[in-house]
Amino acid sequence: MNRQEKQLVIDSLKKDFSGNSGSFLVGIKGMTVEELRALRKGIVTHGGHMQVIKNTLMKAAVKDMPGVSDLTPYFKDQVALVFASKEVPAIAKVLCGFSQNNEKLTVVAGCLDAKVMAKNGVIMLATLPSREVLLAQVCGTIKAPISQFVRVLNQIAEKQSKNN
């Protein structure tokens, strides 16, 4: 790979880091091509993509990026970058689920909105319910006191109508 090709890869990585909501770093040491293909398929179905790039190029790409540059200590061994454009928790679920079924894949770290999170943070993100479920829970929580208030008013009205 010559200098121009390396610069193109670095520019592409910078674009991916700035253009996506979240990114994850996963260890892929010992994984076969078929296992990597299955992982990529799961990631792509949720709107993400995975890249396997040399650690030196990853370090060069994140060097001047605030927040993302904190990933630099994790760029060692055989790692791959997974980018999530919209459904960041869904991609985290795919990675954590795949790592439970395949011990060769390890979740190393993640970056969400220029904040680096360790493996535990990624696992916590993966256990969150989907956006729709969270919105439904919020709506139910908001609706509950109002519904109970309406029931109490109806009981008072029924009681007064029985007394009259």
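Residues numbered from 1 in each chain as written. Predicted model: local features only at pLDDT ≥ 70, side-chain atom pairs only at ≥ 80, totals over all residues. Heavy atoms only, no water.

Chemist: Describe the pattern of salt bridges, and please don't skip the residues or the numbers.
Modeler: Counting across every chain of the model gives 2 salt bridges. Residues R37 and E34 are paired through a salt bridge, measuring 2.9 Å at the closest nitrogen-oxygen approach. Of this pair, R37 and E34 both sit in helix α2 (residues 33-45), 3 residues apart, which is roughly one turn of that helix. Of the residues examined, E34 reaches a relative accessible area of 52% and is grouped as exposed. (Salt bridge = Lys/Arg side-chain N within 4 Å of Asp/Glu carboxyl O. Helix = DSSP H or I, 4+ residues; strand = E, 2+ residues; numbered from the N terminus. Buried < 20%, exposed > 50% of the residue type's maximum accessible area, 1.4 Å probe, protein only.)

Chemist: Pulling in residues and values, what's your account of the packing of helix α4 (residues 88-101) against helix α5 (residues 119-127)?
Modeler: With their axes 8 Å apart at the nearest point, α4 and α5 run at an angle of 110° to one another. Here α4 lies roughly perpendicular to α5, going by the angle between them. The interaxial crossing formed by α4 with α5 has left-handed handedness. Across from V88, P89, A92, K93 and C96 in α4, the residues of α5 making contact are V122, I123, L125 and A126. Within the contact of α4 with α5, the residues separate by chemical class into 8 nonpolar, no polar and 1 charged. (Axes fitted to C-alpha atoms, helices over the stretch in contact; angles between N-to-C directions. Parallel < 35°, antiparallel > 145°, perpendicular 65-115°, else oblique. Left-handed = near helix turned anticlockwise from the far one by under 90°. Contact = heavy atoms within 4.5 Å. Nonpolar A, V, L, I, M, F, W, Y, C, P; charged D, E, K, R; others polar.)

Chemist: Account for the packing of aromatic side chains, naming residues and giving values.
Modeler: The tally for this structure, following the rule as stated, stands at 1 aromatic pair. The interplanar angle of 80° and the centroid separation of 5.1 Å between the aromatic rings of F17 and F83 together place this pair among those described as edge-to-face. In this pair, F17 is assigned in helix α1 (residues 3-19) and F83 in strand β3 (residues 79-84), connecting sequence segments 66 residues apart. (Phe/Tyr/Trp six-rings, centres within 6.5 Å; stacked < 30°, edge-to-face > 60°.)

Geometric values such as these leave the question of function open.
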